[in-house]
Amino acid sequence: MANEIGSMLDQVGRILARDTAYPLDGTFLYVEAEWQMVGMSIFKDLGDRLLYRDPMNELGEALLELWGAALPDKRCSTMQYRIMGDKFDASFTYDLLDPKVSAIDRREVILRQLYGNKLVVYPPLK
């Protein structure tokens, strides 16, 4: 089971590496997951700012597969996936998410914890 999960986490990194417009080093992925649903946000640490990147379709599929591969009592509610150099670190939380707090608000708290008051740049709305 652990080898399967490790391979799936490696696949997440390979999918993130397909975004060649910016370096892979410094990529941060925040994920919220539950049955048949995954919300994801990708950020690139550009030193003086964080740049939001649109997720790829394959990433959602890979994350749902990863979530489903875990034992039912070991399925995470959130995942933080950071790429530093040629390595990644993934951390998980398993607590139920507060439905009164939006995913965007939870994500902003995580970004502030990790990056302080670094400017976050989002693309223009389409």
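Scroll up a little and you will see the structure.
The structure reproduced in this document is the subject of the present report. (Residues numbered from 1 in each chain as written. Predicted model: local features only at pLDDT ≥ 70, side-chain atom pairs only at ≥ 80, totals over all residues. Heavy atoms only, no water.)

## Quick notes on the sheet that holds strand 2 (residues 37-45)
Logical step 1: The mixed open sheet is built from six strands, whose spatial order is 5-4-1-2-3-6. The outermost strands of the open sheet, each flanked by one partner alone, are strand 5 (87-93) and strand 6 (119-121). With strand direction ignored, the average angle separating the axes of adjacent strands in the sheet is 20 degrees.
Logical step 2: Note that strand 3 (residues 49-53) and strand 6 share three bridges and pair parallel. Within the sheet, the bridge partner assigned to L50 lies in strand 6 and is V120.
Logical step 3: Relative to strand 2, helix 2 (residues 57-69) is tilted by about 120 degrees, and along the sheet it contacts strand 1 (27-34), strand 2 and strand 4 (78-84).
Logical step 4: Here helix 3 (residues 103-115) sits on the sheet and contacts strand 1, strand 2, strand 3, strand 4 and strand 6; the angle it forms with strand 1, its principal contact strand, is near 145 degrees. (Pairing = 2+ DSSP bridges. Helix = DSSP H or I, 4+ residues; strand = E, 2+ residues; numbered from the N terminus. Axes fitted to C-alpha atoms, helices over the stretch in contact; angles between N-to-C directions. Contact = heavy atoms within 4.5 Å.)

## Some words on the nonpolar core
Logical step 1: Core analysis: the largest hydrophobic core is formed by 23 residues, its most contacted members being L16, L29, L59, L63, M79 and Y81.
Logical step 2: Those elements that provide at least two residues to this core are helix 1 (2-16), strand 1, strand 2, helix 2 and strand 4.
Logical step 3: Beyond its immediate chain neighbours, meaning those up to four positions away, L59 contacts V12, I15, L16, L29, M40 and I42. (Core = buried A, V, L, I, M, F, W, Y, C linked by side-chain atoms within 4.5 Å. Buried < 20%, exposed > 50% of the residue type's maximum accessible area, 1.4 Å probe, protein only.)

## What about the pattern of salt bridges?
Logical step 1: Taken as a whole and judged by the stated rule, the model has seven salt bridges.
Logical step 2: Where R49 meets D48, a salt bridge forms, and the shortest distance between an N and an O atom there is 2.8 Å.
Logical step 3: For D48, a relative accessible area of 55% corresponds to the exposed category.
Logical step 4: The partner of R107 in a salt bridge is E108, with the nearest N and O atoms 3.5 Å apart. (Salt bridge = Lys/Arg side-chain N within 4 Å of Asp/Glu carboxyl O.)

## Thoughts on the side chain of T78
Logical step 1: Here T78 shows up in strand 4.
Logical step 2: Among the polar contacts made by the side chain of T78, one reaches the side chain of T93 at a distance of 2.3 Å. (Polar contact = N/O pair within 3.5 Å; in protein donor to acceptor, adjacent residues only side chain to side chain.)

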